[in-house]
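Here is how the chains run, residue by residue.
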Amino acid sequence: MGDKIVILEDIQKIYQIGKVSYQVLKGIDLEVEQGEFLVIMGTSGSGKTTLLNIIGLLDKPTSGRYFLEGEEVSKFDSKKLAYIRNRKLGFIFQAFHLVPWATALENVLLPLLYRPEGFSKDDEKRAISLLERLGLGERIHAKPKELSGGQQQRVAIARALITNPKLLLADEPTGNLDSASSKEVMNIFKELNAEGLTIIMVTHDPEIAKNGKRIKVIADGIFVDEKQV
Amino acid sequence: MMLKYKLLWGGLFYKKLRLVLSIIGIIIGVSSLLLMNAFGEAAKIRTLKEIETFGPEVLMVVAGNVRVSAGRAIQTEVTTTLKPEDAEALRKIGGIRFISPYFTGDAIVRFAGNTVSTVLNGVNEEYLRLRKFSLEEGRNFLKDEILSYKKVVILGNKVKAQLFGKENPVGQTILINKLPFKVIGVLSPIGIDASNADQDDQVLIPYTIAISAIYNVDYIRGIFISVEDPSNLPFIEKQIDSILSKRHKVTEKNKDFTIVKAEDILQAKTQTTNLFSSLVKSISVLCLVVGALGVTAIMTLAVNERKKEIGIRKAIGAKERDILLQFLIESVIVTLLGGIMGVVLGVGLTLILLPVFNYPLIFPVIPILTSTGLTIIFGIFAGVYPSYKASKVDPIVLLRSF
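Report follows, based on the coordinates. One numbering rule holds for all chains: residues counted from 1, following each sequence as written. Chains carry letters and ligands carry numbers; both start at the beginning, A for chains and 1 for ligands, and go up in the order they are written. Since the coordinates come from a predicted model, pLDDT governs what is reported: local features require at least 70, and pairs of side-chain atoms require 80 or more to be given and counted, while whole-chain, interface and lining totals use all residues. Heavy atoms from the whole structure form the basis of all side-chain values; hydrogens and water molecules are not counted.

To continue, consider helix α8 (residues 233-248) of chain B. All names here are of chain B. The secondary structure listing takes helices from DSSP runs of H or I that are at least 4 residues long and strands from runs of E that are at least 2 residues long, numbered from the N terminus. An expected span of 1.5 Å times one less than the residue number is assigned to each helix. Taking 1.5 Å of rise per residue, 16 residues should cover 22 Å, and α8 covers 22 Å from first to last C-alpha, within 8% of that figure. Each residue gets one of three labels from its accessible area relative to the maximum for its type: buried under 20%, exposed over 50%, partly exposed in between, using a 1.4 Å probe on protein chains only. Restricting attention to buried positions, one finds in α8 the residues Leu233, Ile236, Ile240, Asp241, Ile243, Leu244, Ser245 and His248. Once α8 finishes, lysine 249 follows within two positions and takes phi at roughly 55 degrees, a positive value.

We now examine the packing of aromatic side chains. Aromatic pairs are defined between Phe, Tyr and Trp rings, using the six-membered ring for Trp, whenever the two ring centres lie within 6.5 Å; interplanar angles under 30 degrees are classed as stacked, those over 60 as edge-to-face, and all others as tilted. According to the stated counting rule, one finds eleven aromatic pairs over all chains in the structure shown. With a centroid separation of 5.2 Å and an interplanar angle of 35 degrees, the aromatic rings of phenylalanine 103 of chain B and tyrosine 215 of chain B are classed as tilted. With phenylalanine 103 of chain B in strand β4 (residues 96-111) and tyrosine 215 of chain B in the loop between α7 (207-214) and β11 (222-227), this residue pair connects regions lying 112 residues apart in the sequence. By relative accessible area, phenylalanine 103 of chain B is classed as buried at 2%. A ring pair is formed by phenylalanine 111 of chain B and phenylalanine 164 of chain B, whose centres lie 4.2 Å apart and whose planes are at 35 degrees; its orientation type is tilted. Here phenylalanine 164 of chain B lies in helix α6 (residues 157-164) and phenylalanine 111 of chain B lies in strand β4, a separation of 53 residues in the sequence. For phenylalanine 111 of chain B, a relative accessible area of 17% translates into the label buried. The rings of Tyr102, Tyr127, Phe133 and Phe224 of chain B are connected pair by pair, giving a single aromatic cluster. Directly above the aromatic system of phenylalanine 76 of chain A lies the positively charged group of lysine 80 of chain A, at a separation of 4.4 Å from the ring centroid. Our definition puts a charge over a ring when NZ of Lys or CZ of Arg is within 6 Å of the ring centre and also within 35 degrees of the ring normal. Of note, lysine 216 of chain A hangs over the ring of phenylalanine 223 of chain A, and the distance from its end group to the ring centre comes to 4.6 Å.

A few words now on the sheet that holds strand β3 (residues 37-41) of chain A. Residue and element names in this part refer to chain A. The pairing criterion is simple: DSSP has to find at least two bridges between the two strands. Spatially, the six strands line up as an open sheet ordered β6-β7-β8-β3-β9-β10, and their pairing is mixed. Strand pairing shows two members of the sheet lacking a second neighbour, β6 (89-92) and β10 (222-228), which therefore form its edges. Between one strand axis and the next, the sheet turns through 20 degrees on average, direction left out of account. Set on the sheet, helix α6 (residues 179-194) makes contact with β3, β6, β7 (167-171) and β8 (198-203); between it and β8 the angle comes to about 150 degrees. Axis definition: a line fitted to C-alpha atoms, over the contacting stretch in the case of helices. Angles run 0 to 180 degrees between N-to-C directions. The contact criterion used throughout is that any non-hydrogen atoms of two residues lie within 4.5 Å.

Here you go:
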């Protein structure tokens, strides 16, 4: 498997709502290489979010196999999955999902709370330099509601990066942002990718999708198209 | 390190009104629990004090029938057949230490324009030692004064204060129901005894003069007896019963006297206090349960409101156990905050209210410990359900793309 970070084999997902069952994913095969910037594009209801949930270990496939860095994570229990999420994955959400009562700096440090070693003064310095790098050096003690959408998303990016993840997962990261902020965030993504971070981003917006190196189009639970940018 | 705890429980202080509301419920529960327990303790101490003046070695023969109810010996029927000679006749029983005939009635006492309505007790020179009363000033009756119908009086502490203020009354003459009596002594403050009579609001005079000159009768109301050894009490009680029955020519059915022991009074008294305190305790525990349910309700609300926060924590690596513990400790913190304030309030109220209701002042150590312990237990209970719910929040709630 070498430098393939994600391998999905015939992933299926069926939701049971009452007596009706919906097959959201109908056999997804996917390989993501180390250092890729993959965009999964699709319309509402195409299954792209479910797919990201599964790749992010927030949801389990009904059938199929999922290897993350060579480990078959589709067989792990919830405790082990929490560990993997903490050590290997970083998440960026459309609605930022910062903790409202904590400052920017505290939000960035939050993932380290769930490591047995806790966090040190060095971690704090690292968090501050991450925020500085993302242009928030002046706002490290601001609460989320005191920040603009673009600033909030940059805090969320810093939070995703504090754990030095292997894989960054982004769900419509620009969905709540104006075009200037969107561009900023996309530039950060490209920069990070250039430094070697693997990124998988989900979006419905073709313009945003162009920022990726490879675009896969999903419709009705299967991949229908693929293009290199 | 502080930052770690802030990140875990900072959310607690985010919605302040909600926090205050749930704390108030706990405060009410804890402070009432503490207050009730403290009153129970104080009541116990008061009862013990009362028994000291009506000790286990004392018994009383009362003319007529007596029913012990709610801690009081209530005379339900008065007879005129108990005579001073009966008291003398009992002296031949072995093991008796003191005997005093006893007559009680109301009296108007006057000195230099001050008039007091009080209780007059006719007794003999052994009465003070029998009841373990001590004198603040002056002296006890002499045997001779009893036998020769001397008009001398020992004042209760309150009566002395009302008639004389701070002056020394010994040697002064007062009027009791218009008859002049010479004051020979003043009792030390005693308080309320087991029969609920205020022993500071009385005057003592020789029983001889009380029945002859003041009430003009030839009988007495009762006989106080104290024994050498309280373990002999049942035996002595039997002897008293047989001597008096013989003298009065009565049988078990038409008996005209009753023997009352401290034990009887105490038994009835503890029964009522126990009933009262268990009732009060269950009410205050109920208060605490309601307070804890309030915490449960409000924590559940908080969990629903903070689903996103929980989801985030899970997405970035929190295990179910981490979330469970976080919310469990949050609810313990809430109840503990309420608990501490409740204890402070309860102690304050205890220290204010005990003297108001004439209870001995105590610092409620045991009530503090029990109510704090109960609060922690209830805090954990209150948190179990919402914390479980929190730990089961699915982080999928975070991902929505439209």
